[in-house]
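Examining the three-dimensional arrangement
Each chain is listed here by its residues.
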Amino acid sequence: MTAFLLVAAVAVLLTVAGALVRVVRGPTTSDRMMGAQLIGTGGIAALLLAGTASRLNSTSDVALVLAILAPFAMVAFRRYAAATQAAASRERRLEIDAGAPGAAPPQGGA
Amino acid sequence: MIPALERAVELAIGAMLVGLALWSVLVRPRFASIVGFVVFGLLLMLAWMRLGAPDVAMTEGAIGSGLAGFLLLSAAARLRCSEIRRARIGAGEPQRARDRSPRRSSIVALGVGCAAVAAALAAAVAALPHPAPSLAPAALERLPELGIGNPVSGVLIGFRALDTLVEKIVLVVALVGVWGLAAEASWRRAPSVDPSPEIEPIRFLARALPPVGIVLAIYLLWRGATEPGGAFPAGAILAAMAVLVLAAGLGRLPPTAARSLRLAICAGPLVFLGVGGLGMGVARGFLDYPAGFEVLSIKLIEVLLTGSVAVVLLLLVAGPPEEAASANGMRRPEPPL
Amino acid sequence: MSVVAALLDGWTVLLVCAGIGFFVAGTTGMLRFPDAATRLHALTKADNLGVGLVVLGLLPQVARPAEGFKLLVIWALVLLASAVSSQLVARVATDGPPIEEDRNGRTAPAASGTPLDRSGSVGAGAQP
């Protein structure tokens with residue numbers, strides 16, 4: 001059973017390596033974030049498998065820490081996207097107020 | 001079969017770590033580089049587990065990829081917002097901005113310097129005698145005197161208490177440094193983590209997660225005496241929960257002038273110093289815990305340190321107080337319809 | 001007793017293999033699907049079912065009931081994280097992706113189709 005669990009942990013780690021390709025290649029920021037998310041959950045699964053195989057109690061504590069902080073990067077990403085969008089639409093509004101030639105009316109602003 | 005498998009896992013994790021580190025240093029877009037750093041933290045956590053260091057893995061996960069990822073993305077948002085502003089103001093402005101960026105020659109010099117430091121470190125590690133000299137057996141042998149089962153906690157709060165004490169004071173000094181960036185007008189005002197504009201899912205998370213996080217922090221603190229855990233990961237998780245609540249707009253930080261806030265920042269180091277000083281009177285010296293009260297002293301210090309670590313980390317993420325929250329480019333929450 | 005043990009081991013092998021299957025499927029989708037929305041679909045399968053099946057499979061192997069409870073809490077946390085993150089990614093997609101720098105390090109609208117694609121960079125109109 002120990003050998004099986006270790007092989008399973010390696011298999012999950014291999015899929016993590018696959019998700020790494022998505023982080024590196026993108027192309028959009030969302031793709032990179034989703035790759036990171038998959039690596040996080042894959043890491044949790046690999047930890048649990050290897051920890052159970054080696055009968056280490058503390059691995060599930062480490063996995064708990066990882067699991068509770070898993071959504072943090074996504075929250076930060078949402079804030080990042082919203083902040084840059086807001087800044088761009090504010091600048092666009094200022095530009096239109098200044099009477100830039102050929103300016104289209106603002107589109108709602110998300 | 002199993003040793004070969006373990007060697008393969010070690011090689012795979014090591015290769016991914018080195019590759020990812022190189023990629024996040026070399027990749028051009030700032031955002032990609034930050035995501036690379038966050039993933040690097042996750043993989044590093046697996047490496048620490050493989051090395052049998054769950055305490056370090058926990059702290060790496062909580063600080064390295066949790067709080068630091070949040071901090072870096074907030075910083076990147078801010079930079080991008082000011083770049084967008086500059087882009088509107090005129091074509092001349094970005095030109096000057098590009099001139100301000102470091103010269104190619106200084107970048108090369110920096111790279112060579114970093115490579116030299118890395119090479120020197122590698123040489124030093126390679127030159128270590130095998131097996132490396134270690135105080136671990138001596139520390140383990142005397143661990144029962146502290147009444148603590150987890151060797152990492154024993155070393156941190158017992159044998160190397162001075163290091164830990166200074167480390168906590170460094171945290172407070174770092175916060176003073178961050179607050180020193182405040183503008184004159186906003187000094188003594190409240191720092192803030194600006195609420196996210198699209199807040200529904202984040203609000204839900206900020207209501208559902210903190211109760212679990214608080215229980216987990218108490219559990220880690222409690223278990224820290226006998227199993228991996230302890231004050232630092234517990235404090236980091238508490239700080240992360242508080243950041244979440246602030247980002248959802250469900251709470252607000254007190255002004256930096258508030259006495260209670262300053263007390264919370266200093267409580268841990270002060271009690272640590274106090275108990276340590278007490279040792280000079282009733283025990284054999286500074287930071288020697290009174291005989292018979294070792295466990296009690298250590299618990300008291302750890303509980304207060306957890307609180308202080310949580311508050312300091314939260315304030316480090318929130319940054320210096322600012323005059324107007326909109327100044328850093330985050331939108332204020334829209335008024336409810 | 002040994003029959004029970006064998007059955008429990010079989011349960012573990014079955015569910016862990018199924019969980020790995022979802023991880024492999026999730027990664028394959030992540031690599032092969034054409035755009036962010038479909039990749040999100042792949043990601044949530046690995047999150048919810050991959051970890052879930054691994055946790056369920058490991059339950060008979062834990063030493064104490066408390067450990068098993070911890071595993072279930074981890075799954076619940078991953079489910080929560082996955083649900084919220086997929087909402088957040090989807091909303092980034094609908095509200096417009098972050099405004100990224102272009103290849104020269106200058107600010108420009110990231111991709112076409114954003115609310116910002118007014119043919120050119122943000123600062124283009126300010127030219128006298």
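The paragraphs below set out a description of the structure included in this document. None of the values given here were measured: they were computed from a predicted structure. (Residues numbered from 1 in each chain as written. Chains lettered and ligands numbered in written order. Predicted model: local features only at pLDDT ≥ 70, side-chain atom pairs only at ≥ 80, totals over all residues. Heavy atoms only, no water.)

**What about the overall build of chain A?**
Where we set the bar: Secondary structure follows DSSP: runs of H or I at least 4 residues long count as helices, runs of E at least 2 residues long count as strands, and numbering of each begins at the N terminus. Classification of residues uses two cut-offs on accessible area relative to the type maximum, computed with a 1.4 Å probe and protein chains only: under 20% is buried, over 50% is exposed, and between them is partly exposed. We call two residues in contact when some of their heavy atoms are within 4.5 Å.
On a plain count of helices and strands, chain A comes out with 4 helices and 0 strands. Counting from the amino terminus, chain A carries its helices and strands in the arrangement α-α-α-α. When burial is assessed residue by residue, chain A has 66% of its 110 residues classed as buried. Long-range contacts, defined here as pairs at least 24 residues apart, represent 46% of the contacts in chain A between residues at least 6 apart.

**Notes on the packing of aromatic side chains**
The line we're drawing: What counts as a ring pair is set by centres within 6.5 Å for rings of Phe, Tyr and Trp (its six-membered ring), and what kind of pair is set by the plane angle: stacked under 30 degrees, edge-to-face over 60, tilted for all other angles. Remark: a charge is flagged as sitting over a ring if the NZ atom of Lys or the CZ atom of Arg is within 6 Å of the ring centre and within 35 degrees of the ring normal.
If you walk through the whole model with that rule in mind, you get 3 aromatic pairs over all chains. When the centroid spacing of 5.1 Å and the interplanar angle of 40 degrees are considered together, the rings of tyrosine 80 of chain A and phenylalanine 31 of chain B count as tilted. Highlighted residues: tyrosine 80 of chain A in helix α4 (residues 72-97) and phenylalanine 31 of chain B in helix α2 (residues 30-50), drawn from two different chains. Accessibility assignment for this pair places tyrosine 80 of chain A and phenylalanine 31 of chain B in one class, buried. If you follow lysine 299 of chain B out to its NZ or CZ, it ends over the ring of tryptophan 222 of chain B, 5.4 Å from the centre.

**Digging into the interface of chain C and chain A**
To keep things clear, this is the line we draw: Simply put, the buried area is the total loss of 1.4 Å probe accessible area from both parts when two parts are fitted together. Throughout this description, the term salt bridge denotes a Lys or Arg side-chain nitrogen within 4 Å of a carboxyl oxygen of Asp or Glu. Polar contacts, as used here, are pairs of N or O atoms within 3.5 Å; protein pairs need one atom able to donate a hydrogen and one able to accept it. Residues neighboring in sequence count only if both atoms are side-chain atoms. Note that Gly is not counted as nonpolar here; it falls among the polar residues with everything else outside the nonpolar set of Ala, Val, Leu, Ile, Met, Phe, Trp, Tyr, Cys and Pro and the charged set of Asp, Glu, Lys and Arg.
Across the boundary between the two partners, chain C contributes 50 residues, which contact 54 residues of chain A. Both faces combined, the contact of chain C with chain A buries some 4700 Å², and carbon together with sulfur accounts for 71% of it. Taken together, chain C and chain A are joined by 2 salt bridges. Taking the shortest distance from any N to any O, the salt bridge between arginine 39 of chain C and aspartate 31 of chain A comes out at 2.6 Å. Scanning the region where chain C abuts chain A turns up 10 residue pairs in polar contact (both at pLDDT 80 or more). Secondary-structure elements contributing two or more residues to the side of chain C that touches chain A are α1 (2-32), α2 (36-58) and α3 (65-95) of chain C. Counting residues per element, the side of chain C that touches chain A draws most heavily on α3 of chain C, which supplies 15 residues. Its residues assigned to classes, the side of chain C that touches chain A shows 32 nonpolar, 8 polar and 10 charged.

**Some words on unusual backbone geometry**
Residues and elements named next belong to chain B. Not every positive phi belongs to a glycine, and arginine 188 is a case in point at roughly 80 degrees. Residue position: arginine 188 is located in the loop between α8 (161-179) and α9 (200-223). For arginine 188, a relative accessible area of 48% puts it in the partly exposed group.

**Some details on the packing of helix α1 (residues 2-25) of chain A against helix α1 (residues 2-26) of chain B**
Inclusion rule: Each axis is a line fitted through C-alpha atoms, and for a helix only the stretch in contact is used; angles between axes span 0 to 180 degrees, taken between their N-to-C directions. Put simply, angles under 35 degrees are roughly parallel, angles over 145 are roughly antiparallel, angles from 65 to 115 are roughly perpendicular, and the rest are oblique. Left-handed describes a crossing whose near helix is turned anticlockwise from the far helix by less than a right angle; the clockwise case is right-handed.
Running from amino to carboxyl end, α1 of chain A crosses α1 of chain B at an angle of 15 degrees, the nearest separation of the two axes being 11 Å. Of the possible angle classes, the one that applies to α1 of chain A and α1 of chain B is roughly parallel. Once α1 of chain A is placed against α1 of chain B, the crossing between them reads as left-handed. Along the contact surface, α1 of chain A presents Ala3, Leu6, Val7, Val10, Leu13, Ala17, Leu20, Val23 and Val24 of chain A, while α1 of chain B presents Ile2, Leu5, Glu6, Val9, Ile13, Met16, Leu20 and Trp23 of chain B.

Taken by themselves, the reported measurements are silent on function.
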